[in-house]
Amino acid sequence: MASSSYNASTAAAELVHDLATRIKGKIILVTGVSPGGLGAVFAEAVAEAQPAALILAGRNPARVAETVKSITALNNNISVRSLTLDLGSLVKVREAASEVNSWDDITHINVLINNAGIMATDYARSPEGFEGQFATNHLGPFLFTNLIMNKILAAKNPRIVNVSSDGHRLHPIRFFDCNFSDGELYDKWAAYGQSKTANMLMALSLAQKLGESRGLVSCSLHPGVIGTNLTSHLGSFDDLNAADKQLGNREGWADFKWKTPEQGAATHVYAAFHPDLQAHNGAYLQDCHVADPWEDTVKPWGTNVIEAERLWKLSEELVGQKFSY
């Protein structure tokens with residue numbers, strides 16, 4: 001089970017095999033579980049290790065139902081529950097969190113995987129008026145996570161995993177203009193970068209606020225470059241390549257190293273269950289290891305505790321609720 005034996009080619013099934021005793025009996029909530037996506041692949045993989053319950057959350061109930069069906073076909077002894085969760089609407093997020101909190105039979109949640117997200121979409125605003133990628137990828141998960149925090153903290157040694165991306169390299173947080181001047185200054189890859197930076201900083205904040213005091217382990221991760229439904233609408237990556245070159249990022253001069261979904265979901269399993277992370281709370285992960293700033297893509301704006309606290313306060317302001325831990 002040594003983490004040094006895992007790499008970019010490791011598949012989720014290998015991690016599940018090695019960590020089966022740590023998965024068994026756990027209650028796991030995963031967002032973004034459309035068939036073929038990383039959330040679904042992760043859930044299907046860990047189902048083999050007999051978790052006590054899987055809670056599958058997604059915006060489209062019919063798509064969630066497909067994944068529920070595939071998991072029960074693999075193992076009909078597992079309790080699988082669906083949850084309708086539209087992260088792009090704070091009203092819908094509050095409704096979903098209220099539903100989770102109303103489940104008397106779910107007294108705790110051992111692991112929350114904030115996997116759902118959108119990428120490089122055209123400019124749009126959420127119902128509350130926030131730029132769409134920042135709303136869906138950060139503000140929605142921020143609010144949902146904190147609203148169900150009591151159930152997470154009721155678990156022994158709980159974990160929260162934010163699925164970020166090495167795309168955080170494309171932009172830090174625009175603290176004074178996260179909406180890109182209502183679209184006037186919008187760039188889809190810069191907006192994606194901002195939202196993925198936010199995923200990293202939120203994980204760092206949670207580790208800082210609740211790690212030592214409440215035993216929470218929180219981390220973020222880059223799953224790799226994977227051809228899932230998240231990328232299906234993008235077509236050419238020429239504009240991303242151009243953005244990297246303009247920013248001076250080495251990725252602009254390198255070929256993408258593609259992974260299979262099973263390889264991509266491996267870092268999800270590592271983040272959710274590997275014991276090594278107790279010593280690396282708040283870390284950003286890649287290829288089933290703590291990312292190395294010298295070898296991997298890790299921008300300092302995604303790992304700075306001051307930036308993390310600034311984002312926490314901004315997020316509280318934008319969602320209209322304070323969470324004092």
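Residues numbered from 1 in each chain as written. Predicted model: local features only at pLDDT ≥ 70, side-chain atom pairs only at ≥ 80, totals over all residues. Heavy atoms only, no water.

By the naming in an unreviewed UniProt entry, the protein goes by Short-chain dehydrogenase and is assigned to Conoideocrella luteorostrata. According to the UniProt record, the Sequence similarities (unreviewed entry) comment for the protein reads "Belongs to the short-chain dehydrogenases/reductases (SDR) family." (UniProt positions renumbered as here; feature names shortened; annotations may be inferred.)

> How should the overall build of the protein be read in this particular structure?
When its secondary structure is counted, the protein shows 12 helices and 10 strands. The C-alpha radius of gyration computed for the protein amounts to 18 Å, which stays within 12% of the reference 20 Å derived for 325 residues, consistent with globular compactness. Each principal axis of the C-alpha atoms in the protein carries an extent, and together these give about 50 × 40 × 40 Å. Of the accessible surface of the protein, which amounts to about 13700 Å², a share of 49% is contributed by carbon and sulfur atoms. In the protein, 27 positive and 34 negative side-chain charges are present, and the distance between their average locations comes to 5 Å. (Helix = DSSP H or I, 4+ residues; strand = E, 2+ residues; numbered from the N terminus. Rg over C-alpha atoms; globule rule 2.2 N^0.38 Å. Areas by Shrake-Rupley, 256 points an atom, 1.4 Å probe, with all protein chains shown as cover. Lys, Arg positive; Asp, Glu negative; His and termini not counted. Charge placed at Lys NZ, Arg CZ, Asp CG, Glu CD.)

> Any chance you could explain the packing of helix H6 (residues 132–147) against helix H12 (residues 305–319) here in plain terms?
The geometry of a pair of packed helices is captured by two quantities: the angle between their axes and the separation between those axes. Following both chains from N to C, one finds H6 and H12 inclined at 85 degrees, their axes separated by 11 Å at the closest point. Put simply, H6 runs roughly perpendicular to H12. Along its contact with H6, which presents Phe134, His138, Leu139, Phe142, Leu143 and Asn146, the element H12 presents Leu311, Trp312, Ser315, Glu316, Leu318 and Val319. (Axes fitted to C-alpha atoms, helices over the stretch in contact; angles between N-to-C directions. Parallel < 35°, antiparallel > 145°, perpendicular 65-115°, else oblique. Contact = heavy atoms within 4.5 Å.)

> Is there a simple way to explain the layout of surface pockets in this structure?
Empty space among the atoms becomes visible once a probe the size of a water molecule is rolled across them. By volume, the second largest pocket is sized at about 160 Å³. Around the second largest pocket sit Arg22, Lys26, Asn110, Val111, Lys156, Asn157, Arg159, Ala272, Phe273 and Gln278, which together line it. For the lining of the second largest pocket, the residue count by class is three nonpolar, three polar and four charged. (1 Å grid on protein atoms, 1.4 Å probe; cavity = no way out; pocket = protein on both sides within 12 Å on 5 of 7 lines; lining within 4 Å. Points joined across faces, edges and corners; volume = space filled by probe spheres on them. Nonpolar A, V, L, I, M, F, W, Y, C, P; charged D, E, K, R; others polar.)

> What am I meant to see in empty space enclosed by the protein here?
Enumeration according to the criterion identifies one cavity of 30 Å³ or more in this entry. Empty space within the largest cavity amounts to approximately 40 Å³. Lining the largest cavity we find Asn114, Ala116, Asn137, Pro141, Asn162, Val163, Lys196 and Asn199. For the lining of the largest cavity, the secondary-structure elements that each account for two or more residues are H6, strand S5 (159–163) and helix H8 (188–214). Tallied by class, the residues present in the lining of the largest cavity amount to three nonpolar, four polar and one charged.

> Help me out: how do you make sense of unusual backbone geometry in this one?
A positive phi angle is found at Gln50, which is not glycine, with a value near 60 degrees. Relative to the elements of secondary structure, Gln50 occurs in the loop between helix H3 (38–46) and strand S2 (53–58). The phi angle at Cys288 is positive, at roughly 65 degrees, despite the residue not being glycine. For Cys288, the position within the fold is in the loop between strand S9 (284–286) and strand S10 (289–290).

> How should the sheet that holds strand S3 (residues 79–84) be read in this particular structure?
The strands that make up a sheet pair up through hydrogen bonds in the backbone, lying either parallel or antiparallel. With mixed pairing, the eight strands of this open sheet are ordered in space as S3-S2-S1-S4-S5-S6-S9-S10. Every other strand in the sheet has two partners, leaving S3 and S10 as the edge strands with one partner each. Where S2 lies against S3, six bridges are found, and the strand directions are parallel. Directly across from Ile55, in S3, lies its bridge partner Arg81. Docked against the sheet, helix H4 (residues 61–74) engages S2 and S3, running at close to 155 degrees with respect to S2. The sheet contacts of H6 involve strand S1 (27–31), S3, strand S4 (111–114) and S5, and relative to S4 the element is tilted by about 170 degrees. (Pairing = 2+ DSSP bridges.)

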